[in-house]
Amino acid sequence: MAQQRGRAHAVIVGGGIGGLTAAVALHTSGWHVTVLERARSLEPVGAAISLAPNSLRALDVIGLGEEIRGLAAWQGDGGVRTPSGRWLSRAHAAAVAERFGGPLVLLHRSALIDRLAARLPEDAVRVSVPATLADPGGPDRPARVGTPDGELEADLVVAADGIHSAVRRVLFPGHPGPVYAGFTTWRVVIPVPGLHPGTVASHETWGRGRIWGTHPLKDGRVYAYAAAMTPAGGHAPDDEQAGLVRRFGTWHDPIPQVIAAARPEDVLRHDVHHIAEPLPAFHRGRVALLGDAAHAMPPTLGQGGNQAVEDAIVLAAHSGDLAAYSAARLPRTTEIARKAVGAARLTMMSGRVGTAVRDAMVAALSKAAPGLLLRSFDGIADWCPPQPPYASDEARAGTPRKPYE
């Protein structure tokens, strides 16, 4: 395969959000980039993504943060409820923005993918190209990536090939890889008659071994997700929409209304896996691991995609020193993954007595200390990238928080 000469060449394996963010960040820094995606298009498999202030500040570095902030739909109250509808804890969108220097933005993954891809040269992304790592390279030789049309040499390979990363297995063959987290998720992004931004409060509802979330999107659709403790590999005997009716159909409004608006083909079901044993490093040779390939975590803090975006921006800042990239990202993502596992244990609790105690404690603590749930994101949502610009109001005032490299 011919490749461009004269500039350092980065090959990104995987065209998801993390891989494309890395490609844009490296391209902006002067690299020649090639993105290899095995799927036939960049159309993402998935529903919506929640971008917190930390990843929005990361997107500021590539000039995309303000555009994404403009897609924020959550304007009023939200919080945690019980299946009967009782509020356990409340939060307000303005409180999130005030505490962490920006809003929480929910958007369809395709909207972010499209905006990232538009910032790359037309020939940068190659779809329907499965890639294998032939040689991780070293100080005196480039890395080599195999494709059906031949090998590509690279000064840097970014492995953004997901939780079941083939590149990770080559770099760390002794690592046990991902394990089942004990629960399955369902997700839909659909229009729901009568539910629009401003008419439904964003909420997450905690039951016994089950949770549900409903959130409005800027385009008028609703993003809803559910999770339940269940053996891996299961499926509804009829269809997944009917399965949601059985599990959540008696819960508070608007949950039954959302389920009724979904067609069976709208419902995505995926078992949740995570990397329980941290990797020894996020790099080897000239190869850097990014996102789920490096630190897949349960979705209970909504930080999986956010950490991939952070990874990409920090990697671009340390592209000449991958050991520095590992040192910057491994401790942070390990701690956030640990917190996500702890949050999963709390939200997916299934015992009758335990869940009653959990709900009582959350309600009492939230009443005594409003904004309690927001505090659990201190040190996560207030992160700043290691390089400017910053676009949050706090940063504009000249007093950005200390970067968490």
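Residues numbered from 1 in each chain as written. Predicted model: local features only at pLDDT ≥ 70, side-chain atom pairs only at ≥ 80, totals over all residues. Heavy atoms only, no water.

1. A closer look at the environment of arginine 345
With respect to the helices, strands and loops of the structure, arginine 345 is situated in helix α11 (residues 322-347). Take arginine 345: its relative accessible area is 61%, and that puts it in the exposed class. Along the chain, arginine 345 and glycine 209 lie 136 residues apart, while their C-alpha atoms are 9.3 Å from each other. (Helix = DSSP H or I, 4+ residues; strand = E, 2+ residues; numbered from the N terminus. Buried < 20%, exposed > 50% of the residue type's maximum accessible area, 1.4 Å probe, protein only.)

2. Some thoughts on the sheet that holds strand β10 (residues 150-154)
The strand order across the open sheet formed by three strands is β8-β9-β10, and the pairing between neighbours is antiparallel. The open sheet terminates on both sides in strands that have one partner only, identified here as β8 (132-135) and β10. Taking the axes of each pair of neighbouring strands and ignoring which way they run, one obtains an average angle of 35° across the sheet. Bridge count between β8 and strand β9 (residues 143-147): three bridges; the pairing is antiparallel. (Pairing = 2+ DSSP bridges. Axes fitted to C-alpha atoms, helices over the stretch in contact; angles between N-to-C directions.)

3. Focus: the confidence of the model for the chain
Low pLDDT marks stretches whose predicted atomic positions should not be read closely. For the chain, mean pLDDT is 91; residues scoring 70 or higher make up 94% of the total. Here residues 391-405 scores under 50 on pLDDT; set against residues more than four positions off or in separate chains, the count is 33 contacts. (pLDDT = per-residue confidence, 0-100. Contact = heavy atoms within 4.5 Å.)

4. Let's talk about the pattern of salt bridges
Counted by the stated rule, this structure contains 18 salt bridges. As a salt-bridge pair, arginine 144 and glutamate 151 come within 2.7 Å of each other at their nearest N and O atoms. You can call glutamate 151 partly exposed: its relative accessible area is 40%. Connected through shared salt-bridge partners, Asp135, Arg141, Arg144 and Glu151 make up one network. (Salt bridge = Lys/Arg side-chain N within 4 Å of Asp/Glu carboxyl O.)

5. Examining the nonpolar core
Ranked by size, the top nonpolar core spans 71 residues in total, and within it Val33, Leu59, Ile68, Leu107, Leu112, Leu289 and Leu290 carry the most contacts. Once residues lying within four places of it in the same chain are set aside, the contact partners of leucine 289 are Ala159, Ser165, Val167, Arg168, Leu171, Phe172, Leu279, Phe282, Ala294 and Tyr325. Core analysis: the second largest hydrophobic core is formed by 19 residues, Val192, Ala224, Trp251 and Val267 among them. (Core = buried A, V, L, I, M, F, W, Y, C linked by side-chain atoms within 4.5 Å.)

6. Section: the pairing of strand β13 (residues 202-206)
Of all five residues in β13, five are buried, a share of seventy percent or more. Of the two faces of β13, the one carrying Ser202, Glu204 and Trp206 and the one carrying His203 and Thr205 are both buried. Bridge count for strand β4 (residues 77-81) against β13 is four bridges, and the pairing is parallel. Across the sheet, valine 80 pairs through a bridge with glutamate 204, a residue of β13.

7. Examining the packing of aromatic side chains
Taken as a whole and assessed by the stated rule, the structure comprises three aromatic pairs. Taken together, a centroid distance of 5.7 Å and an interplanar angle of 50° make the contact between tyrosine 223 and tyrosine 225 tilted. In this structure, tyrosine 223 and tyrosine 225 share a single accessibility class: buried. Within the aromatic cluster, the residues linked to one another by ring pairs are Trp212, Phe248 and Trp251. (Phe/Tyr/Trp six-rings, centres within 6.5 Å; stacked < 30°, edge-to-face > 60°.)

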